[in-house]
Amino acid sequence: MALGVEGVADDLRAVYAAEKTRSYEWRVSQLKALLKIATHHEKEILEALRSDLNKPEHEGFLHEISGVISACKLTLKELRRWMKPEKVKTSMTTYPSSAEIISEPLGVVLVISTWNYPFLLSVEPVIGAIAAGNAVLLKPSEVSPATSSMLSKLLGQYMDVSAVKVVEGGVLETTALLEQRWDKILYTGNSKVGRVVLAAAAKHLTPVILELGGKCPVMVDSTTNLTVTSRRIISGKWGCNSGQTCVSPDYIITTKEYASKLVDAISSELEKFYGKDPLHSNDLSKIVSSQHFDRVTKLLDDEKVSGKIVIGGQRDETSLKIAPTVILDAPNDSLIMNEEIFGPLLPIITVNKIEDGIGLINSKEKPLASYLFTNDKKLKEIFKRNISSGSMAINETTLQLAISTLPFGGVGESGMGSYHGKFSFDAFSHKKAVLERGFAGDIAARYPPYTSGKLKFLKALLSGDILGIIRALFGW
Amino acid sequence: MDLEREMREVREAFSSGKTKEESWRRSQLQNLLTLMHEKEDHIITALQQDLGKHPVESYRDEVGTLIKSVNYALKGLKKWMSGKKADLPFAAFPSTAYLVPEPLGVVLIISTWNFPFGLSLEPLIGAIAAGNSVVIKPSELAPASSSTLANLINTYLDTKAIKVIEGDASVGQHLLQHKWDKIFFTGNCKVGQLVMTAAAKNLTPVALELGGKCPAVVDSLSSSWDKRIAVDRILSAKFGTCAGQACIAIDYILVDKNFSSTLVELLKEGIERMFGKNPKESKSVAKIINKSHVLRLRSLLDDPMVKASVIHGGSVDEDNLFIEPTILLDPPVNARIMNEEIFGPLLPIITLEKNEDSIEFINSKSRALAIYAFTKNEEFKNKLSSQTSSGSIVFNDAIIQYVADTLPFGGVGGSGFGRYHGKFSFKEFSHKKVIVKRGFLVDFWFRYPPWNDHKLLLFRSAYRFDYLGVLLVILGLKKC
C-alpha cells in the first residue's frame, strides 16, 4: 500500500474548512511563491527537463518556464477582478430583485500531471486551483522523475505545504489518490487512463477536466506559402518535444500534386534547423523512455509503412533518439494512422482534391487541435464548419496554447473542460447564483388558493405581456 | 421500438448537418412553443393524473416557465450562435482568434418524475438551441406525462432528430451502453453515479442535477407584512410545489428560538389560508408520486421521537397517495428525517440559540442545490453567503431562482455539477471551439532552431513584453 497517501484529501479538506485558502492574501502569496520558483530556479528546472527528456534549454524556457511565468503574472494582475461578483440583470419574472453570480472555491482539488511538459502541465493547473481559493494536491508523472522530484522539493520549500501538497509516485499512488473524495480533478494524459479517472470520479460525483490528445491533422493546400508553412509545421512537430505534444501535428493531408513540393520544403527547412545529422542534434528532445521508444519504432517498422519513409527513419536506441521522419501515404489501416503517434514521425497522406481530406479527418475521433495552411478563403470556411476539435489554427500550429485569453481543452475523445488564464480560475471555481428579493411587490397569483384570475395573471407575467398583466390585475 | 434503429437515425440526423442550421433550430423551438400553447390542456391533464397537480400549479411551474424559456432562447439564439472575438495579447500579433460554439453531437436527456415536462423540455431547449440531435428518456414513474410527452414531441418536432424513448430502468441501462456526446441527468445521487460511471466508458461529459437538503433560515421579522410574505413564500415553496417533491423545495427550517413559536403559528394559519381546512379536498396540494414514496415518507415519521415532534398534520392516506402538510418542531437532529432528503410534505423546524448557528448547522450537511434565508439583516446575509456553499442562495424567497433566465441553475458537491437555464443551457450543450488565424507575412525568425543565446535573449524580452528590448537585441545594441 502506498505510504503517505492515505487520508491526504481529508487532511487538505480540514485545512480548506479552516478558511485559510480563501483569502486574497493567501492566494497571492502562493502565486508569488510559484513565480519565484519559476524565476529563481530556472537552471534547476531546465536541468531536470534535460535529464528527463533531453529537452533543449530553449524549448524548456520557451514552452514551460515562460508559460508558467506569464500564467502567474496574469493571474496576479487580474485576480482581484476575477474574484469580484458578476452582477446580472433580472427580468419581470422575479421583479423586484437583484442578482449576481459569485465565484467560490470548490474545496480540494487533485491535479494529475504528465511527463511531456512536466513542469508546465503540473504548475499551470495548480495556479488555477490556488487562484480560485482551493487546497490542492499535485501528482506529477513518474515517467519524468527528475522533474517530479524537483517539483516536490521546490514546492515543498516555497509553498504553504498544509494546503499545497505534492505526492510523487506511480500507478499505486495514483490509484490510492483516486479512491479519495475530491471536489475537482484535472487530469492530463491519455484517453485510456482518462476513462479510469472519470470512472473513479463518478464514485464521488466529482466533476473532472480531462486534457487528453488525439491525432491532430494538418491540411496543406497548394495556395499556401510553402516555406513559412514548412517552418511552422516543423516547429509545431519536432520543435515541440520531438512531437511528444498533445497538440503537435500528428499527420498531414495534402494533394497528390503538391506532396513532393511539400516534402522537399520540409526536408530543406529541417536541415536548416537541425543540420545534416538531426539524430545527433542537441536541439531535439529524446523519446522519454525505452517503452515509448519501442512503441514509436514499432509504428515505423510496420512493413506497410517502412517502405514509405521519404525523410529520416534513423534511430539510436541507446540515446532514445529518433530522427525527424516523414512517411508518404502510409495505408489507412496501418497502426501509425490509427493511434496518436506522440513522436517524431510525420505521415503525409495525399488526396485527389483537398476537400477529400475533410472526410478523412472526420472518420477519426475529434482531436485536441486541427490545422489548415491555405490562402483559399472558401477552404478556410469549409474547414471551420466541418471539423470539430478542441481548437483550430489557420496558417499556424500549436501557438494557440500560448495565448492566455484562449481556453485550452478538448472535445469528445480529446477531453472535456478547459483551462488557461481566466478559464483556469473559472474551471476551479463554483459559480454560485445569488438572488435577492425584498418583501415588497409580492405576486399573490403565485400562491393557492388558485383561481382563474391568478392563472390569467401568471400567463401574462411568464410571457412578458405587460398589457396582459395590467388587464389581469384589473380583473379584465 | 427498435432501439438500434432509433439510435442510428438520430446520429444520421446529426451527421447530415441539418441540426446545425439556424433555421432548423429556430423552427424546432417555434414548434415547441406552439406545442406548449396548443396542448397546454394535455399537459395539465397528464400532470393531474400522475401527481394530482392543480392546473394553476402546473401552469406556473411547467407550462408557463417553458414558454418563457423558449421565448428567451428564440430571442438569444442568433447572438449565442455567433462567434466571439477573443482579445489577444500584443505578443500574439498579428493573429486573430475567435471562440465559436459548436454542437456536441447526439445528446441524451434523462429526466425525472416530479416535473416531468419541465425537466425534459428545459434541457431540450438548450440542446436544440446548441444544434444537437436529442434523445429524451422520461421517467416511467410518471407514465401519463411520459406518454403525453412522447406523443407531443412526435407530433410537433422533427422526429428524426428529436426522439423520446420511454421505458423503465432496463431501457435506461440499454441507452447508457451507447456512445453519447453528452448526457444530461436529473435525479438522485445513486442513479447519478451509475450514469456517470457508464458515461466514463465513452469519455462522455455529463451534467448531473441532483438534490440535497435545502434549508430555509428564518430570521425574526417584525413587520406583519414581511411575516405574511415570508410565510406565504415558505409554504408555497414546500407544500405548494409538488407537495415538497422538488429538488429546490425547502427541506427544513432553521429559526432562532425567540421567533419559533410565532413562526409556527403563522405557518399553521397560512396552511389553512392557502390549502383550506381540508387540503386533500381542496386539491391544491399535489399527491405523492407512488406508494413506495408514501411508505418512504411515512417511515420517516416512524421514529417515536420524530412522531412526537409533529405539531401539525401527520396523516397519511396510503390508498390515495396523499400526505397532508405536516410540520415538525425539533425532531432529533440525528433522525433520518434530518439526514435524508425529505422530498415530501413534511417540514421540520429546528430551533437554534441564535441565527448565526445556522451556518454551522448547514455546513454539517453536504452542499445543497439551494439555501434560503428570510432576513433583512445585511450583515447576516453576507456572512451566510460567504460561509456556506450551495448551488444558489436566495434571500427572502424560494424556488423563484428557477425562473431567472440570467442565473445559472445547478448544484455543487453532492447536489451535482453542470449548469443550465437561459444561455447556460446553450453553453452546457455546446463545445466552444478556439480558432486562431495568422497570415504568412510576419514570421519571427527567432522562433526556430538552430538555437543560440541570441535567440534565447530575444525570447526573454518578447515574453516579458519588452518590445524595446527585442528591438535592441535585433539591432545588436543589447547583448547577452
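Residues numbered from 1 in each chain as written. Chains lettered and ligands numbered in written order. Predicted model: local features only at pLDDT ≥ 70, side-chain atom pairs only at ≥ 80, totals over all residues. Heavy atoms only, no water.

A. Representation of the overall build of chain B in the model. Helix and strand counts for chain B come out as 18 helices and 18 strands. If you line up chain B on its principal axes, its C-alpha atoms span 90 × 55 × 40 Å. Expressed as a percentage of the 480 residues in chain B, the buried residues total 63%. When contacts within chain B are restricted to residue pairs at least 6 apart in sequence, those whose partners lie at least 24 apart make up 70%. Accessible surface for chain B amounts to roughly 17900 Å². Of this, 55% is attributable to carbon and sulfur atoms. Once the 59 positive and 53 negative side-chain charges of chain B are each reduced to a mean point, those two points are 9 Å apart. (Helix = DSSP H or I, 4+ residues; strand = E, 2+ residues; numbered from the N terminus. Buried < 20%, exposed > 50% of the residue type's maximum accessible area, 1.4 Å probe, protein only. Contact = heavy atoms within 4.5 Å. Areas by Shrake-Rupley, 256 points an atom, 1.4 Å probe, with all protein chains shown as cover. Lys, Arg positive; Asp, Glu negative; His and termini not counted. Charge placed at Lys NZ, Arg CZ, Asp CG, Glu CD.)

B. Fine view of the packing of helix H3 (residues 40-51) of chain B against helix H4 (residues 55-81) of chain B. Residues and elements named next belong to chain B. At a minimum axis separation of 10 Å, H3 and H4 run at an interaxial angle of 110°. Our classification of the angle between H3 and H4 gives roughly perpendicular. With respect to the hand of their crossing, H3 and H4 are arranged in right-handed fashion. For the pair formed by H3 and H4, the contact residues are Glu-40, Ile-43, Ile-44, Leu-47 and Gln-48 on the first element and Pro-55, Ser-58, Tyr-59, Glu-62 and Val-63 on the second. Across the contact of H3 with H4, the residue classes tally to six nonpolar, two polar and two charged. (Axes fitted to C-alpha atoms, helices over the stretch in contact; angles between N-to-C directions. Parallel < 35°, antiparallel > 145°, perpendicular 65-115°, else oblique. Left-handed = near helix turned anticlockwise from the far one by under 90°. Nonpolar A, V, L, I, M, F, W, Y, C, P; charged D, E, K, R; others polar.)

C. Quick peek at the side chain of Lys-53 of chain B. Within the secondary structure, Lys-53 of chain B is located in the loop between H3 and H4. With near-sequence residues (within four places) excluded, Lys-53 of chain B lies in contact with Leu-47, Gln-48, Ser-58, Glu-62, Asn-114, Phe-115, Cys-242 and Ala-286 of chain B.

D. Just the nonpolar core, in detail. Counting residues in hydrophobic clusters, the biggest one holds 144 residues, and the most contacted among them are Leu-34, Trp-182 and Ile-266 of chain A. Leave out the neighbours within four places in its chain, and Trp-182 of chain A touches Val-8, Ala-9, Leu-12, Arg-13, Val-108, Val-109, Leu-110, Leu-137, Leu-177 and Thr-206 of chain A. Core analysis: the next-biggest nonpolar cluster, separate from the first, contains 122 residues, Ile-101 of chain A together with Ile-153, Val-164 and Phe-259 of chain B among them. (Core = buried A, V, L, I, M, F, W, Y, C linked by side-chain atoms within 4.5 Å.)

E. Helix H15 (residues 378-387) of chain B, seen in detail. Residue and element names in this part refer to chain B. The complete set of buried residues in H15 reads Phe-380, Lys-381, Leu-384 and Ser-385. In a view along the axis of H15, the buried residues occupy a sector of 130°, so they form one face of it. Exposed residues lying more than 90 degrees from the buried face of H15 are Glu-379 and Asn-382. If you check the start of H15, you find a side-chain oxygen 3.0 Å away from the backbone N of Glu-379, and it comes from Asn-377. (Arc of directions from axis to C-beta. Polar contact = N/O pair within 3.5 Å; in protein donor to acceptor, adjacent residues only side chain to side chain.)

F. Summary view of the sheet that holds strand E5 (residues 162-164) of chain B. Residue and element names in this part refer to chain B. Read from one edge of the open sheet, six strands run E5-E4-E3-E6-E7-E17, paired in mixed fashion. Each of the sheet's edge strands pairs with one partner strand only, and the pair in question is E5 and strand E17 (416-417). As paired elements, strand E3 (residues 106-110) and strand E4 (residues 133-137) share five bridges and run parallel to each other. Residue pairing across strands places Leu-108 opposite Val-135, the latter belonging to E4. Contacts from helix H5 (residues 118-129) reach E3, E4, E5 and strand E6 (182-186), with the element oriented near 165° to E3. (Pairing = 2+ DSSP bridges.)

G. Representation of helix H6 (residues 143-156) of chain B in the model. Residue and element names in this part refer to chain B. Given a rise of 1.5 Å per residue, 14 residues ought to cover 20 Å, and the 20 Å separating the end C-alpha atoms of H6 matches this to within 8%. Considered for burial, the residues of H6 that qualify are Ala-144, Ser-145, Ser-146, Thr-148, Leu-149, Ala-150, Leu-152, Ile-153 and Tyr-156. Elements that come into contact with the buried residues of H6 comprise helix H2 (22-38), H3, H5, E4 and E5. (Expected span 1.5 Å × (residues − 1).)

H. View of the sheet that holds strand E1 (residues 84-85) of chain B. Taken together, the ten strands give an open sheet; going across it, the order is E10(A)-E13(A)-E14(A)-E9(A)-E8(A)-E15(A)-E16(A)-E18(B)-E2(B)-E1(B), and neighbouring strands pair in mixed fashion. Each of the sheet's edge strands pairs with one partner strand only, and the pair in question is strand E10 (309-311) of chain A together with E1 of chain B. Note that strand E2 (residues 95-103) of chain B and strand E18 (residues 430-438) of chain B share nine bridges and pair antiparallel. For Tyr-98 of chain B, the partnering residue across the bridge sits in E18 of chain B and is Ile-435 of chain B. Along the sheet, helix H14 (residues 377-386) of chain A makes contact with strand E8 (217-220), strand E15 (369-373) and strand E16 (391-394) of chain A together with E2 and E18 of chain B, crossing E15 of chain A at roughly 170°.

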